[in-house]
Amino acid sequence: MSTMRNLTFDAIIIGGGGSGLRAALELAKSGKKTAVLSKVFPTRSHTVSAQGGITCAIASADPNDDWRWHMYDTVKGGDYIADQDAAEYLCSEGPKAVFELEHMGLPFSRFDNGRIYQRPFGGQSKDFGKGGQAARTCAAADRTGHALLHTLYQNNLKNNTVFLDEWYAIDLVKNANGDVVGCIALCIETGEIVHVKSKATVLATGGAGRIYASTTNALINTGDGIGMALRAGFPMQDMEMWQFHPTGIYGAGTLVTEGCRGEGGYLINKDGERFMERYAPNAKDLAGRDVVARSMVMEVLEGRGCGENGDHVMLKLDHLGEEVLMKRLPGIVELSKTFAHVDPVKEPIPVTPTCHYMMGGIPTNVHGQAITQDGDGNDRIVNGLFACGEAACVSVHGANRLGGNSLLDLVVFGRAAGIYIDQALSEGIDYLDASASDIERATSRLARWNESSGGESVPELKAELQNTMQNAFGVFRQEDNMQEGVKKLAELRERIGQAHLGDKSDVFNTARVEALELDNLLEVAEATAIAALDRKESRGAHSRYDYPDRDDVNWLKHSLFHPGDKTVTKRDVNFTPKTVDTFEPKVRTY
Amino acid sequence: MSNLQVSVYRYNPETDSAPYMQEFQVDTQGRDLMVLNVLTMIKDQDSSLAFRRSCREGVCGSDGMNMNGTNGLACITPLSDVAKDNKLVLRPLPGLPVMRDLVVDMGLFYKQYERMQPYLQNDTTAPAIERLQSPEERDKLDGLYECILCACCSTSCPSFWWNPDKFVGPAGLLQAYRFLADSRDNATQARLAELEDPFSLFRCRGIMNCVAVCPKGLNPTRAIGKIREMLLSNAT
Amino acid sequence: MVTNITNLGRSGLSDWLIQRVSAVVLALYALFVVAYLLFHPNLDYATWSGLFAQTWMRIFSLLAFISMAAHAWVGLWTVSTDYLKHTGVRFGFQAVVILAIFVFLVWGVQVLWGA
């Protein structure tokens, strides 16, 4: 370790998905010395899997569309703990960010008039919920994430962004002042450990769906940024809020876009009944995702599930006709054939609610600056640390994200972080250097794995962790189950701390990367579990049998998990948007 | 019960002087697993096996490899499609340097992609909203923009094996045409000029290996033919 | 842009075009000769040399020879750049090919137009 090489950048962006690439693009364009450090080649990031689209009031499908309507839907969808200043920024800046993507070359589908195609998605309305279903999700067939990620990567090539592809960030380097001054990273190809110094460190590491046994997420979604931030002592916000997507393919977990229902598909139970008409008489299958997922579970619990075990429902698309399916949902046809052995042109697809998205994350302001709390519970900016995308909790999604809002979140807040950092760098920032002990702290867990000489194997422990989360922190939750889960995680922490890395070689050692990822999965799982146990109400994606109602008196708040003493405190939700009136909490029905 | 015999290409430059094939037995319990599942089961036995993977649903392009002689994505290739007599032979993508086991150095492949300037070029001022494009114009991009850069095509192409530094290869050429075909791009002449020499495009001999292996069902040979037509009409 | 100095037109497009046009010429010539032979089952020397004494046949034949030379050069140049990775070996091979093609072409002209 004594001969560790230093790399110095103005800004290091950890993660090469949508938000990281959007932030990098902003900085590369202005000539800042920026690098994107990504554990996979950027176009392999999970953004590539996004299907249905990017929700934004660009007034194409409806020339009278208004970003305020989108903001209303977002706040309501988030069950009123989305920060309204952030939702305002998201929805009002959105069109600019989407048009930029189009100018960069994103191959959006089109309407006959040449404008961007928009489809209906869940939770969308006109006129603040009074004007019926809106069609606000801009799409490139059902491959919007792929088109978006490739477009951003291509434009970073155009602007000569530096890429550290297949590098893995191990931990943040935090100095005595509490500033983040870089990270320790592993070059996967060679095994070299490098100290990356930077004035701004952006965590754009995406989600962590792999804490659950069944997830739509890529295998790489292990919450590396969340793990790093927690180990550095920074708090996490709303970690109990995990979205279960209604339509994961039964058995395989792969995602089937909400766009299927947007195009006219619907869910049926074993009697062939369109059951969402009972649960959400107005929006039906296009209610919020949390509502639809819960309804599906209710159908199964009440004995109306499909299949041998009666444990899933069906998504019916065949009535849309082959032409629409091949034109608007070609990827879904392909995926169902591969993973469900079903041709949706002829038969319905077996689906089940599947872990999909982490609403919580690193608390930030709209500029992507990470926020922590001082001893008195006041917000304080963390110097040098930024977050954007799924890893961040701005919070625009509150307790439940609307479909199509994640891609918008990526580009709007990736861009915002880039703009802010660019400006800050131009004005000049200097932080204290890191000491040898600061650096040693950031390499300690790597050293632990490298020195391990025996113990349990990584895949087994990972499977146990995932099953624990699946069983105790799924769609419905209750106290005793969660208590059990928290206890189990504490035990797993002990065992993971003693686990064994069998392969100690240097060149492309994926076993080492998976071991390091397990540490992060554990951090995310624990934050989730403790925050979930703490929130004694049902709100958005967090549904408890023992506290079935929303409790605005006590819980119209963000939760804040503190890793040091593993406690949860509350943080105020922002109710003061700048240009519109506050959306007061109402009973949430669809 | 149903033991699958898997033969895997192994090479770790730190310890092996030459690559070798290692045999594994995998109990599939009669299930029609994807090849990626089989690899994961092998990795549970022997953690030192290196391969790339990410989305596990055929859209990220990480796990391109050679399975019983044919390139494809491990995550969307079921055993029933490739295994013969319960035997599976897994090798890295051919024609690229091997870093370790099934992981190849994709550097040359990416370099050819970058050489095609794979980004929209339009020097007119952008409007305040999006640039308009008719559905018919947009339809021309179907079958082009869906490429996932898995390199299955280029590494099954003999012309790319012989001249990976000069012949762009099917993946890069598909992207070249993706921008040539985009009504919003106006760098057509510069793009064509880049492809006129005897190697970059004309080394394609039209054997269509690329079409046969593309996991997304794309047709680079057709795109190459279209570029050739454009070059011809430009020059005559 | 990939540059090269040893191919014919220094352009892939012209090589490609030459290859196709020359192939058509060679195909037509071959068809003609085969058809001629079929229609003259008892061909003797006088008829055969009479055919080649006509100017149009000489022009047609010369066109075929030149096409053959161009076709062979483009094809063998391509083969050499595919398989011969050592510059000296490749250049030597190309020199031999050029010389052979030149000799055959001159010899062909002599046979056709000579005495």
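In this report, the structure presented in the accompanying data block is examined. (Residues numbered from 1 in each chain as written. Chains lettered and ligands numbered in written order. Predicted model: local features only at pLDDT ≥ 70, side-chain atom pairs only at ≥ 80, totals over all residues. Heavy atoms only, no water.)

**Concerning the sheet that holds strand β1 (residues 3-10) of chain B**
Residue and element names in this part refer to chain B.
Okay, step 1: Taken in spatial order, the 5 strands make up an open sheet running β2-β1-β5-β3-β4, and their pairing is mixed. Across the chains shown, the open sheet's two edge strands, defined by having one partner strand only, are β2 (20-27) and β4 (70-73). Taken pair by pair, the neighbouring strands of this sheet meet at an average axis angle of 30°, ignoring direction.
Okay, step 2: Taken strand by strand, helix α1 (residues 35-45) contacts β1, β2, β3 (64-67) and β5 (87-91), and its axis lies near 100° from that of β2. (Pairing = 2+ DSSP bridges. Helix = DSSP H or I, 4+ residues; strand = E, 2+ residues; numbered from the N terminus. Axes fitted to C-alpha atoms, helices over the stretch in contact; angles between N-to-C directions. Contact = heavy atoms within 4.5 Å.)

**Comments concerning the side chain of A:Asn217**
Okay, step 1: As for its position among the elements, A:Asn217 is in the loop between β9 (193-203) and α5 (224-231).
Okay, step 2: Among residues more than four places away in sequence, those in contact with A:Asn217 are A:His46, A:Ala208, A:Gly209, A:Arg210, A:Cys355, A:His356 and B:Arg56.

**Observations regarding the arrangement of the chains**
Okay, step 1: Take the 2 pairs of chains in contact: the one carrying the most contacts is chains A and B.
Okay, step 2: For chain A and chain C, which are not in contact, the least C-alpha distance works out to 18 Å.

**Observations concerning the pairing of strand β1 (residues 5-14) of chain A**
All names here are of chain A.
Okay, step 1: Of the pairings in the sheet, the one linking β1 to β9 comprises 9 bridges and is parallel in character. Counterpart to isoleucine 12 in the pairing with β9 is threonine 201.
Okay, step 2: Here β1 runs beside strand β2 (residues 34-38); their pairing, made up of 4 bridges, is parallel. Paired with isoleucine 12 across the two strands is alanine 35, which belongs to β2.
Okay, step 3: Between β1 and its parallel partner β2, the chain crosses via helix α1 (residues 18-29), and the hand of that crossover is right-handed. (Right-handed = clockwise from strand over helix to strand, strands pointing away.)

**Side note on helix α10 (residues 330-339) of chain A**
Residue and element names in this part refer to chain A.
Okay, step 1: In terms of burial, α10 is a largely internal element, 7 of the 10 residues being buried.
Okay, step 2: Among the residues making up α10, those that are buried are Pro330, Gly331, Ile332, Val333, Leu335, Ser336 and Phe339.
Okay, step 3: Next to the buried residues of α10 lie β11 (242-249), α6 (259-262), α9 (322-328) and β14 (349-358).
Okay, step 4: Of the residues flanking the end of α10, it is histidine 341, one or two places downstream, whose phi is positive at about 55°. (Buried < 20%, exposed > 50% of the residue type's maximum accessible area, 1.4 Å probe, protein only.)

**Overview of the packing of aromatic side chains**
Okay, step 1: In this structure the tally under the stated criterion is 25 aromatic pairs over all chains.
Okay, step 2: Their ring planes at 55° and their centres at 5.3 Å tell us that B:Trp162 and C:Tyr83 sit as a pair that is tilted. Of the two residues, B:Trp162 sits in helix α5 (residues 158-162) while C:Tyr83 sits in helix α3 (residues 55-83), which places them in two different chains.
Okay, step 3: Here A:Arg401 stacks its cationic end above the ring of A:Tyr357, 4.1 Å away from the centre of that ring. (Phe/Tyr/Trp six-rings, centres within 6.5 Å; stacked < 30°, edge-to-face > 60°. Lys NZ or Arg CZ within 6 Å of the ring centre and 35° of its normal.)

**Quick word on the interface of chain A and chain B**
Okay, step 1: The interface is formed by 61 residues belonging to chain A together with 59 residues belonging to chain B.
Okay, step 2: Buried surface at the junction of chain A and chain B, summed over both partners, amounts to about 4800 Å²; 52% is from carbon and sulfur atoms.
Okay, step 3: Seen at the junction of chain A and chain B, the total is 8 salt bridges.
Okay, step 4: The partner of B:Arg53 in a salt bridge is A:Glu514, with the nearest N and O atoms 3.5 Å apart.
Okay, step 5: At the boundary of chain A with chain B, the tally comes to 37 residue pairs in polar contact (both at pLDDT 80 or more).
Okay, step 6: In terms of residue count, helix α4 (residues 144-158) of chain A provides more of the side of chain A that touches chain B than any other element does, 7 residues in total.
Okay, step 7: Looking at the side of chain A that touches chain B, its residues break down into 26 nonpolar, 19 polar and 16 charged. (Buried area = accessible area lost by both parts, 1.4 Å probe. Salt bridge = Lys/Arg side-chain N within 4 Å of Asp/Glu carboxyl O. Polar contact = N/O pair within 3.5 Å; in protein donor to acceptor, adjacent residues only side chain to side chain. Nonpolar A, V, L, I, M, F, W, Y, C, P; charged D, E, K, R; others polar.)

**A word on the pairing of β3(B)**
Residues and elements named next belong to chain B.
Okay, step 1: Every second residue of β3 is oriented toward a common face, with Gly64 and Asn66 on one face and Met65 and Met67 on the other, all of them buried.
Okay, step 2: Relative to β4, β3 runs antiparallel, the two sharing 4 bridges. Paired with methionine 65 across the two strands is glycine 72, which belongs to β4.
Okay, step 3: The hairpin turn running from β3 into β4, its antiparallel successor, is 2 residues long, and asparagine 68 in that turn takes a positive phi close to 45°.

**Quick notes on a nonpolar patch on the surface**
Okay, step 1: Together, B:Trp161, B:Trp162, C:Leu76, C:Val79, C:Tyr83 and C:Phe93 make up a nonpolar patch on the protein surface, roughly 530 Å² of accessible area in all.
Okay, step 2: If you list the elements that add at least two residues to the nonpolar patch, you get α5 of chain B together with α3 of chain C.
Okay, step 3: Owing to a relative accessible area of 31%, B:Trp162 belongs among the partly exposed residues under this scheme. (Patch = residues over 30% accessible without salt bridge, like charges linked within 9 Å, V, L, I, M, F, W, Y side chains within 5 Å. Areas by Shrake-Rupley, 256 points an atom, 1.4 Å probe, with all protein chains shown as cover.)

**With respect to the state of the cysteines**
Okay, step 1: The tally for this structure, following the rule as stated, stands at 0 disulfides over all chains.
Okay, step 2: With no disulfide partner, A:Cys91 has as its closest neighbouring cysteine sulfur the one in A:Cys56, 7.9 Å distant.
Okay, step 3: Relative accessible area serves as the criterion here: at 0%, A:Cys91 is assigned to the buried category.
Okay, step 4: Summary of cysteine pairing: B:Cys75 is not part of a disulfide, and the nearest cysteine sulfur, belonging to B:Cys55, is at 5.1 Å.
Okay, step 5: Residue classification places B:Cys75 among the buried positions, given a relative accessible area of 4%. (Disulfide = S-S within 2.5 Å.)

**Brief notes about the environment of B:Arg138**
Okay, step 1: When you line up the elements, B:Arg138 lands in helix α4 (residues 135-139).
Okay, step 2: For B:Arg138 and B:Ala181, which are 43 residues apart along the polypeptide, the C-alpha to C-alpha distance reads 9.1 Å.
Okay, step 3: Among the polar contacts listed, one links the side chain of B:Arg138 to the backbone oxygen of A:Pro107, at a separation of 2.9 Å.

**Topic: the interface of chain C and chain B**
Okay, step 1: At the junction of the two partners, chain C supplies 17 residues and chain B supplies 18 residues.
Okay, step 2: At the boundary of chain C with chain B, total buried surface from both sides reaches about 1600 Å², with 66% on carbon and sulfur atoms.
Okay, step 3: The shortest N-O distance in the salt bridge between C:Asp82 and B:Arg203 comes to 2.9 Å.
Okay, step 4: Those elements that provide at least two residues to the side of chain C that touches chain B are α1 (12-39) and α3 of chain C.
Okay, step 5: Residue classes in the side of chain C that touches chain B are distributed as 7 nonpolar, 6 polar and 4 charged.

**Thoughts on the packing of helix α2 (residues 67-77) of chain A against helix α3 (residues 84-104) of chain A**
Residue and element names in this part refer to chain A.
Okay, step 1: At a minimum axis distance of 9 Å, the contact between α2 and α3 shows a crossing angle of 135°. Put simply, α2 runs oblique to α3. For the pair α2 and α3, the crossing hand works out as right-handed. Across the interface between the two elements, Trp67, His70, Met71, Thr74 and Val75 of α2 pack against Gln84, Ala87, Glu88, Cys91 and Ser92 of α3.
Okay, step 2: Grouping the constituent residues of the contact of α2 with α3 by class yields 5 nonpolar, 4 polar and 1 charged. (Parallel < 35°, antiparallel > 145°, perpendicular 65-115°, else oblique. Left-handed = near helix turned anticlockwise from the far one by under 90°.)

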